[in-house]
Amino acid sequence: MIYLLVAFLIVIIALVFLEDYVQPYHRYIYAGLCVGLILMAGLRPMGLDPDSMTYEKMFLQLDNEALALQVEYSFIAISKALRLITDDVRIVFLFYAILGISLKLWAIRRLTPWYFLPIAIYFGNYFILHDFIQIRVGVSSALLLMALKPLSENRKWAAAAYITCAVFFHYSALILYLLLLFSNKPLSKAWKIGLSLILPTGILLFLLRIDFLTFIPIPYFQNKVEVYRKLADIGIFDAVSLLSPFMWLKAFVLLYLLFFYDTVYKYCPQLPILLKAQGLALFFFFAFSSIPVFSGRIFELFGIVEIILFPYLFYTILPRKASLVIVCGIGVIEFVFTIFIWKLLDFWPYS
């Protein structure tokens, strides 16, 4: 499987540099990539990722009352419907992969002028993280990407509908309603300063150990917080670290694009809302640091906007071929961390 993933990454990067030359076949190649990604995620070997065996256990025990406390009702309802077809849990993986991956690739076409450059960013991290592992979040994050266009056009009701659907697939998406409070108006000087101060403010919150999770007055949420806090206290989760390379990467891109804001805004009308979402990702990374699982989950949920945001580095670097190398290089770095350093997938039984 690892060879297939590496080969797929090489093909994607090759297509990035050949995009102008394969223009008559863009849609067919894009559809082929979509199908390939769906099949890889949906038909992966059991045990390759850390969650598949847990999903299989839940899939085979849908009448377990305790299950309702662990997952959203949508997962139970979808699983019960799919159990009428087969008892193989891969049908659930395939269903969520079809939704999550196709919606992400649809959003890419709505929000960027490229076919393949955003996929180089997506494949390096979020394809594995969300569409292989956190499959329910994978659909929620895809719906966030779908909400970005109506958000940028001030169609708040349409954006709210997408976010409500995201909550249906994973309760953590409740926090995405915060985006409805923001507009896509061109960033003022005050906004630029505020976003540039996100990182030092976050580090200060982290050092002062201010726990924002206690300020969320939702009983279900507070029950989950208490469970995760106890697990964090006994060392089940790795503590949030200021050495996280992805946090610094996102922070650097945020500051860099703020510096080149006027240049990029000409090509990316959604830039203000994208930068605000990126800022929220960094803020919540620190604000929820008392419980790393929440910190990481929200950081990654808002951080999905990098699929749209990072490729716009293209317009700030000359020559343009160098910009492609840099953007693809970010995707490769994320892929190396995801697969070889953090080892989110266990290839040993399948190598």
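Below or above, wherever it landed, is the structure these notes cover. (Residues numbered from 1 in each chain as written. Predicted model: local features only at pLDDT ≥ 70, side-chain atom pairs only at ≥ 80, totals over all residues. Heavy atoms only, no water.)

What to know about helix H6 (residues 117-124)
Right, so step 1: Among the eight residues that make up H6, eight are buried, leaving the element largely enclosed by the rest of the structure.
Right, so step 2: Along H6, the positions that sit buried rather than exposed are Leu117, Pro118, Ile119, Ala120, Ile121, Tyr122, Phe123 and Gly124.
Right, so step 3: Against the buried residues of H6 lie helix H1 (2-18), helix H2 (26-42), helix H5 (90-111), helix H7 (126-133), helix H17 (306-309) and helix H18 (320-341). (Buried < 20%, exposed > 50% of the residue type's maximum accessible area, 1.4 Å probe, protein only. Helix = DSSP H or I, 4+ residues; strand = E, 2+ residues; numbered from the N terminus. Contact = heavy atoms within 4.5 Å.)

What to know about unusual backbone geometry
Right, so step 1: With an omega dihedral of -5°, the bond running from Leu318 to Pro319 counts as a cis peptide bond.
Right, so step 2: When you line up the elements, Pro319 lands in the loop between H17 and H18.
Right, so step 3: Notably, Asn154 is not glycine yet its phi reads approximately 65°, a positive angle.
Right, so step 4: Note that Asn154 resides in the loop between helix H8 (135-152) and helix H9 (156-169).
Right, so step 5: Notably, Lys343 is not glycine yet its phi reads approximately 50°, a positive angle.
Right, so step 6: Tracing the sequence through the fold places Lys343 in the segment after H18.

A word on the side chain of Arg136
Right, so step 1: If you trace the backbone, Arg136 turns up in helix H8.
Right, so step 2: Not counting chain neighbours up to four residues away, the residues in contact with Arg136 comprise Tyr55, Gln70, Val71, Glu72, Phe75, Tyr96, Phe169 and His170.

Let's talk about the packing of aromatic side chains
Right, so step 1: Scanning all chains against the criterion turns up 30 aromatic pairs.
Right, so step 2: Geometrically, the ring pair formed by Tyr30 and Tyr115 is edge-to-face, given 5.3 Å between the ring centres and 85° between the ring planes. Residue Tyr30 is located in helix H2, and its partner Tyr115 is located in the loop between H5 and H6; the two are separated by 85 residues in the primary sequence. For the pair Tyr30 and Tyr115, a shared accessibility class is recorded, and that class is buried.
Right, so step 3: Residues Tyr122 and Phe127 carry aromatic rings whose centres are separated by 5.9 Å and whose planes lie at 75° to one another, so their mutual orientation is edge-to-face.
Right, so step 4: Residue class for Tyr122 comes out buried when judged on its relative accessible area of 0%.
Right, so step 5: The class of Phe127 is buried, set by a relative accessible area of 0%.
Right, so step 6: The structure contains a cluster of three or more aromatic residues connected by ring pairs, namely Phe8, Tyr122, Phe123, Phe127, Phe132, Phe335 and Phe340.
Right, so step 7: A cation sits over an aromatic face here: Arg44 above Phe93, 4.1 Å from the ring centre. (Phe/Tyr/Trp six-rings, centres within 6.5 Å; stacked < 30°, edge-to-face > 60°. Lys NZ or Arg CZ within 6 Å of the ring centre and 35° of its normal.)

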